[in-house]
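Analysis of the macromolecular model
Now for the letters of each chain:
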Amino acid sequence: MRFLSRLTAVLLLLCAFPAFAQTTATLTGNVTSEGSALPGATVTVTSPALQGSRSAVTGPNGEYNFPALPPGTYTVTVELEGLQTVRKNATVRLGETARADVDLKVSAVAEAITVTAAAPSVLETTQVSTSLTAEQVESLPLGRTIAQRILIAPGVNDAGPNNQRVINGAPSYDNLYMVNGVVVNDTLRGQPENLFVEDAIQETTLITGGVSAEYGRFTGGVVNTITKSGGNEFSGSLRNNLTNGSWTDETAFRNPVTGVAQPDNADVLNEQWEATLGGYLMKDRIWFFGAGRMFEETQSNVTTLTTLPYEFGRDNKRYEAKLTGQIAAGHSIVGSYLKNNTTETNYRFGNVVDLRSLTNRELPNWLQSYQYTGVITSSFLVEAQYSRRYFGFIGGGGPKDLVDGTILRDNNTSNRMWSPTFCGECDPKTRNNKNYLVKANYFLTSSALGSHNISAGYDDFHELRNENNYQSGSNFRIFGDFSKPINNEVFISVLPNDGRILWTPLFQLSQTNDFATKSVFLNDKWDFNKNFSFNVGVRWDKNDGKDQSGNKVADDSAFSPRLGVIYDVRGDGRDRISASYSHYVTKLDSGIGDSASAAGTAASIYYNYNGPALNPVDASGNIIGTPLSNAEVITRVFDWFRSVGGEGVYGDVVAASIPGLTARIDGTLKSPVMKEIALGYGHQFGGNGYARVDFINRNWSDFYVTRLDQGTGKATDQFNKTYDVGLVGNDSGDLERTYNGIQLQGQYSWLGIQFGGNYTWSKLRGNIEGETYNNATVTDTTLVYPEFRDFEQARPVGYLQGDLRHRANLYANYDWKLPFGTLNLGLLQRYQSAASFSAIGNVDARKANWNAFFGTTTPPTFNYITPPDGSATAVIPYYFAERGAYRLDDITSTDLSALYTFPIYKSVSVFVRGELINSFNEQGVQFASTNLGPVVEQRVYTSRNRASLKPFNPRTETPVLGTHYELDTNFGKATNKDAYQLPRTYRFAVGFRF
C-alpha cells in the first residue's frame, strides 16, 4: 500500500514531465464515399484498453490517424451528416500500424452498420514484424517467456552461444529487448532479464527488418513486450503451472568414457503459481493492475566427467504493480514497477567435476517506469518516459581463503574443480540502466502531397555497471592435468614446466561506468496516394562512454538512415511490394568499453610452475603411487611459489593481461554498424488472411578488435615488469559478417481452424563470431602477434555459429464448442536444419618449433617481451577444415496443446491446460555448447598436445589427418545431456479467470 500511494503521488507529479515509450501503436485509415476521398468526416475510436475515447476529423484526402494508442481491440466509428454511420472493428498490435479503411454510403435513414474485417497490420509498413498476443500463446504449445515466444517468428533461431537468440544473423547480444518500454537487456551479456509475470503479458512484438528510426542501439531485432493494464471491468486470474522432472523422458546420452546413462530426472513436483488482478479505482480515470508469481524448482544434474548427481534449486518470486491515470481529457500517465528476486542453490559456472565447485547466490532485479501521453490537438501528440532498471549478483563464488578459495583447472579442457568460480564473500555486482525519452507526433495532410505521420524525439540511454569482477575467492587459479576419476574423485597433477599459477588481482575498485547513447530521430510515414507510401527516417546516435576507472573511452556519433517504399499494385491493399534500405548502429558495448579499465576488471598474470612434481603420471596418464589430496597439492604449490618470491616478484611470467596497462583503448571506440537491404511482397486473403515473403541482406562493419604488434608499445607494471601492449579498437575492414535470408510467413482461417506458419532460408557467413559461451562480447584477436597468424586458416571465412540453413514453424488451432465449455486444440510442428561447428586445433608455435612453424632454418627475431609460445594463454588456432564444416543433427519436434475452459458463473471460468512437447521423442543433438561449456566433443590434437604428431608450417603445408592432427575419438558426439533437444515432455496448468 505504501508503494501504491507513492506511485500515485509520482504519477500526479509527472503530468508536467514529458517522457516517451514504445508501449503503444498506431491506427490509421482512409474514409471514402463511392470511391472518392471524404474529408470532414468525424472518426471516433473506443476500446476497453483506452480511457475514454479519441476523435479526429478526416483531412482533404480522407485520411485519419491515431498514434500512441494502447494495444487492443478498437471500434472505429465514422460519421458525416447525410451518410450512413459505419462502425468497424480493428485490432491494434503493439508497436505496429493498423489500418481500418471505411466507405460511407448515402442514407436517408439514421442507421449504422458494423464491419468486422480489417487489413493485417503486418502488411501495412515496410517493417518485417511478428506479434503474439496472450490468447495466441495460450492456444499453442509455446514457451511462455519472452525468449521462448519469439522462436516462433521467422528469422529467429537459438543457435547462439548458450542457446541464445540469433535474429537475422546478428550476434545474440545485439538485440533490443523492452518490457513496458524499459530496456531489460543485461548490461554485459545483452540477454533479456525475466522481468515479467507470464500471465500478465498482454502482447509481444518482434521487429526484424525495415525498422523505424524510433528504435536504435541494436543490429539484430527489436523485441517489445507490454504487460496488461486495468480497465473499467474487474478481471483477474489464478494459475498453477505444474512440471516434474519425471515427466521429461531421458535423452539418449551415454558417457562416452564410461557408457553410463544420466541419472533419472528428479521426481519432484514443481509448482509455479501466478496471479493477476486488474480493475479501476475510478472508471475512465484511474485503473490498476497487479500480478505475482512464485516458483520453486528442482532439477537433476550431474558433474562433468565424474557424473556425480546433485540437485540444482531455484526459488523465484516476481511482482508487478501498474497504475494508469487520465489526469485530463487526452492526457494519461502510466506507472509500472516489476521486481524479480531469485535465489539459486547448487549453482555452477562452467564444467565442474566435483561438488565442492557448487555454490549459492541471489539475483535481485527490478525495473520502474513512468510514462505520459498527451493529445494536444487531434493532429499533435506528445509522449514521454523515464525508467530505471537494477540487477545485482550477491554471493555465487568461493571463500576468501588461499586453499579453499583457489580454483583448479585442467590444462586440456575447460573443466574446473575444488572451489566455485568468482568470489562469494565480496561486494555485490550491479548492472543497471536508466533512460529518458521524449517524442512528438504530428499528422499533416494535404491534397497534393498526401498524408504525413511525422515522429520526432530525443532518447537518452545510460548503462551503468559497478562490478568488481574477482575471478576466485583467493584471486588464484592453478592449472595442471586432471586425473581419470578414481572412485569418483579427481586429482590434479602439477608438473614442472606444465603447471601454471594464475594470479587475478583487482588493482583498482570500480567507480561505476556510464556508457551513454544520446539520440535524436525523425521518421515520416508518408502515404502519398493509394499506390505509393514511403518511410523516410533518420537517427543520430552520440556515444559518450566512461569506463569503471572514470576514463572517457568513447566520443563518437553516427547517422542511421531508414528508408522504405511500398507500392500497392491495385491501390486496394491486396498486393503490396516493399523495399527498404537501413543503417543500424548498436550501443557501445560495456564489456568492450571496460576492457582497458584498471578498475573493476581482474588482471591475469600466468606464472610457470617449476617446483617439485606433484602427483606425477605414467605414460597412460595415471597418477603414480598414492595421490596427494588436492588441498595438499595447493598447499605445496603455494609453498614453492612463496619460496621464489610469489606474485609480483617471481620472474617466469608465461603471459599477462593487466587492464589499463597491457590493454588500452586505441583512441575512442566506435559502435559496430549494420547495413540492411530488404525486399518484400505481401498479399491479403479475404478478411485477415495474408502471406508475405521478404528477402533480407545484412552486412556488418566496425567490429571490435585487439591489435598487438611490434609497434603497439610496451608497458611496465608496479613490480617493474615489462609487457607487450594491446590496443582495443575497431577493425579496418578485414573482418566480415554477412546474412542473406528469405522469409515466408502467413496465416489463414478455414472452417474455424486458424492456420499459420513461417519458413526461413538463410546463410550466415563471415570470419568473426564476436561472442563465446563463457564471455559476452569479445574482441577479435587475429591481429594479436600478427606474424604468428598470417595464414588463411587462422581466420577463414565460412559458416558462423548462428547459421541454420532451413527453419520452419507450422501451427494450427481450433476452438471446439462443447455442451459444457470450450476445448481449444493446438498443434505446432517445428523443423530446423543442423547447426554448424568447426574443427579447431592449436598449431605448435613454441619457440623450439619456430623452424617448422616459419619454414626457415634461421629463427626470426621479434620485438616482443612474451611472444606466443603455444601455451593455453597465447595459442594460435588453426581451422582443420572450412569454418563451420561440421554439423549437428536436423531437429524436428511435434508439439501439442489442449485447453479446456469451463464457465462456472457469469464471467468466471476454470481451465485445465496440457502440453505434450516433442511428442515423438526425437533425440537430435541440437547444441554444441551451453553456458557450462562445450557439450559436443570438438577437441583436435596437434604436436602441441600429442607428441606422436608432427609439427607443420601452416602457411605452406596442408596438414594430414593422422600425421599432423587427430580428431578426438568422440569428435562430434555429445558429452552432456544438454547437447540434446528437449525430449518428450508433459506440462500442465490449472486455474481460473474472470
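Residues numbered from 1 in each chain as written. Predicted model: local features only at pLDDT ≥ 70, side-chain atom pairs only at ≥ 80, totals over all residues. Heavy atoms only, no water.

Some points on the overall build of the protein chain
Each helix and strand counted, the protein chain has 6 helices and 61 strands in total. Projecting the C-alpha coordinates of the protein chain onto the three principal axes gives extents of approximately 105 × 60 × 55 Å. Per-residue burial over the protein chain gives 59% buried out of 994 residues. In the protein chain, 74% of the contacts between residues at least 6 apart in sequence involve partners at least 24 apart. Taken as a whole, the protein chain presents about 38,200 Å² of accessible surface, with 55% of it coming from carbon and sulfur. Taken as two groups, the 87 positive and 97 negative side-chain charges of the protein chain have centres that lie 2 Å from each other. (Helix = DSSP H or I, 4+ residues; strand = E, 2+ residues; numbered from the N terminus. Buried < 20%, exposed > 50% of the residue type's maximum accessible area, 1.4 Å probe, protein only. Contact = heavy atoms within 4.5 Å. Areas by Shrake-Rupley, 256 points an atom, 1.4 Å probe, with all protein chains shown as cover. Lys, Arg positive; Asp, Glu negative; His and termini not counted. Charge placed at Lys NZ, Arg CZ, Asp CG, Glu CD.)

Looking at empty space enclosed by the protein
If you walk through the whole model with that rule in mind, you get 14 cavities of 30 Å³ or more. Roughly 430 Å³ of internal volume is contained in the largest cavity. If you trace the largest cavity, you find 29 residues lining it, with Thr-26, Thr-97, Ser-212, Glu-214 and Lys-525 closest to the centre. Counting only elements with at least two residues in the lining of the largest cavity, the list comes to strand E1 (25-33), strand E5 (63-69), strand E27 (429-446), strand E28 (450-466), strand E32 (513-527) and strand E33 (532-546). (1 Å grid on protein atoms, 1.4 Å probe; cavity = no way out; pocket = protein on both sides within 12 Å on 5 of 7 lines; lining within 4 Å. Points joined across faces, edges and corners; volume = space filled by probe spheres on them.)

Focus: the state of the cysteines
One pass over the structure, following the stated rule, counts 1 disulfide. There is a disulfide in this structure between Cys-423 and Cys-426, and the S-S distance comes to 2.1 Å. Taking the sign of the S-S torsion, 80 degrees for the link of Cys-423 and Cys-426, the bridge is right-handed. (Disulfide = S-S within 2.5 Å.)

Let's talk about the sheet that holds strand E47 (residues 780-784)
Backbone-to-backbone hydrogen bonds join strands into a sheet, with any given pair of strands oriented parallel or antiparallel. Reading across the sheet, the 4 strands line up as E38-E44-E41-E47 and stay open at both edges, with mixed pairing between neighbours. Single-partner strands in this sheet number two, and they are strand E38 (663-665) and E47. With strand direction ignored, the average angle separating the axes of adjacent strands in the sheet is 30 degrees. When E38 meets strand E44 (residues 726-730), the two strands line up parallel, connected through 3 bridges. (Pairing = 2+ DSSP bridges. Axes fitted to C-alpha atoms, helices over the stretch in contact; angles between N-to-C directions.)

A short note on the pairing of strand E14 (residues 176-179)
The side chains of a regular strand alternate, first on one face of the sheet and then on the other. With burial as the criterion, each face of E14 is covered, one bearing Leu-176 and Met-178 and the other bearing Tyr-177 and Val-179. As defined by bridge partners, E14 adjoins strand E17 (residues 222-227) across 4 bridges and the pair is classed as parallel. Across the sheet, residue Val-179 finds its bridge partner in E17, namely Thr-225. Here E14 runs beside strand E15 (residues 182-183); their pairing, made up of 2 bridges, is antiparallel. Counterpart to Val-179 in the pairing with E15 is Val-182.

As for the pattern of salt bridges
As a working rule, side chains carrying opposite charge can pair if their charged atoms are close by. Per the counting criterion, the structure on display carries 57 salt bridges. The residue Asp-459 makes a salt bridge to Arg-539 at a minimum N-O spacing of 3.2 Å. Of this pair, Asp-459 sits in strand E28 while Arg-539 sits in strand E33, and the two are 80 residues apart along the sequence. The class of Asp-459 is buried, set by a relative accessible area of 4%. The class for Arg-539 is buried, based on a relative accessible area of 1%. For Asp-968, the salt bridge goes to Arg-939, with nearest N and O atoms at 3.7 Å. Residue Asp-968 is located in the loop between strand E60 (966-967) and strand E61 (985-993), and its partner Arg-939 is located in the loop between strand E58 (933-934) and strand E59 (940-941); the two are separated by 29 residues in the primary sequence. Asp-968 gets classed as buried once you look at its relative accessible area, which sits at 11%. (Salt bridge = Lys/Arg side-chain N within 4 Å of Asp/Glu carboxyl O.)

Section: helix H5 (residues 630-643)
The end-to-end C-alpha distance of H5, which contains 14 residues, comes to 20 Å, matching closely the 20 Å that a straight helix rising 1.5 Å per residue would cover. Buried residues in H5 make contact with strand E25 (407-410), strand E26 (416-417), strand E29 (476-482), strand E30 (492-493), strand E31 (500-503) and strand E36 (604-608). Just past H5, the residue Gly-645 takes up positive phi, approximately 115 degrees. (Expected span 1.5 Å × (residues − 1).)

What about the sheet that holds E17?
Reading across from one edge, E11-E16-E17-E14-E15 is the order of the 5 strands in this open sheet, with mixed pairing throughout. Strand pairing shows two members of the sheet lacking a second neighbour, strand E11 (128-133) and E15, which therefore form its edges.

Quick word on the confidence of the model for the protein chain
Scored by pLDDT, the protein chain comes out at a mean of 92, with 96% of its residues at no less than 70. Below pLDDT 50 for its whole length, residues 1-21 participates in 46 contacts with residues either more than four positions away or in separate chains. (pLDDT = per-residue confidence, 0-100.)

Concerning the nonpolar core
Across soluble globular proteins, nonpolar side chains show a tendency to be buried alongside one another. Counting 34 residues, the largest nonpolar core has Phe-788, Phe-791, Val-843, Phe-853, Phe-880, Leu-888 and Val-925 as the members making the most contacts within it. At the level of secondary structure, the elements contributing two or more residues to this core comprise helix H6 (850-854) and strand E53 (876-879). The element that contributes the greatest number of residues to this core is H6, accounting for 3 residues. Look past the residues within four positions of Phe-880 in its chain and what remains in contact with it is Ala-839, Gly-841, Val-940, Thr-942, Phe-952, Pro-959 and Tyr-965. One finds Trp-418, Val-653, Ala-715 and Tyr-723 within the second-largest nonpolar core, a separate group that totals 31 residues. (Core = buried A, V, L, I, M, F, W, Y, C linked by side-chain atoms within 4.5 Å.)

Focus: unusual backbone geometry
A positive phi angle is found at Arg-217, which is not glycine, with a value near 70 degrees. Position of Arg-217 relative to the elements: it lies in the loop between strand E16 (201-209) and E17. On the basis of relative accessibility, which here comes to 6%, the residue Arg-217 falls in the buried class. One non-glycine residue with positive phi stands out, namely Asn-346, at about 60 degrees.

Some thoughts on the pairing of E27
Pairing analysis gives 12 bridges linking strand E24 (residues 380-395) to E27, with the strands arranged antiparallel. Within the sheet, the bridge partner assigned to Phe-393 lies in E27 and is Lys-429. Across 17 bridges, E27 lies against E28 in antiparallel orientation. Looking at the pairing, Leu-444 lines up with His-452 of E28. In this antiparallel pair of consecutive strands, E27 and E28, the connection spans 3 residues.

What about the side chain of Asp-199?
Here Asp-199 is to be found in the loop between E15 and E16. Asp-199 sits in the buried class, given a relative accessible area of 7%. Not counting residues within four places of it along the chain, the set of residues in contact with Asp-199 comprises Arg-144, Lys-228, Ser-237, Arg-239, Glu-274 and Thr-276.

A word on the packing of aromatic side chains
Counted by the stated rule, this structure contains 47 aromatic pairs. Plain terms: the ring middles of Phe-234 and Tyr-280 are 4.8 Å apart, the flat faces sit at 40 degrees to each other, and that makes the pair tilted. Residue Phe-234 is found in the loop between E17 and strand E18 (235-244), and its partner Tyr-280 is found in strand E19 (residues 269-282); the two are separated by 46 residues along the sequence. Looking at Phe-234, the relative accessible area reads 42%, which means it is partly exposed. Since its relative accessible area comes to 25%, Tyr-280 is described here as partly exposed. Through a chain of ring-to-ring contacts, three or more aromatic side chains come together here, namely Phe-476, Tyr-607, Tyr-609, Phe-638, Trp-640, Phe-641 and Tyr-650. (Phe/Tyr/Trp six-rings, centres within 6.5 Å; stacked < 30°, edge-to-face > 60°.)

What about the environment of Ser-604?
Assignment of secondary structure puts Ser-604 in strand E36. Exposure remark for Ser-604: the relative accessible area of 22% places this residue in the partly exposed category. Along the sequence, Ser-604 and Val-31 sit 573 residues apart, while their C-alpha atoms lie 68 Å from each other.

A few points about the side chain of Asn-157
You can see Asn-157 is positioned in strand E12 (residues 156-157). The contacts of Asn-157, once residues within four sequence positions are left out, are Leu-151, Gln-164, Arg-165, Val-166, Gly-802, Leu-804 and Arg-807.

Details of the environment of Ala-979
Relative to the helices and strands, Ala-979 is located in the loop between E60 and E61. Here Ala-979 falls in the buried class, since its relative accessible area comes to 0%. Distance in space between the C-alpha atoms of Ala-979 and Ala-928 is 6.3 Å, their sequence separation being 51 residues. When neighbours within four sequence positions are excluded, Ala-979 is seen to be in contact with Gly-924, Val-925, Gln-926, Phe-927, Val-935, Val-936 and Ala-974.

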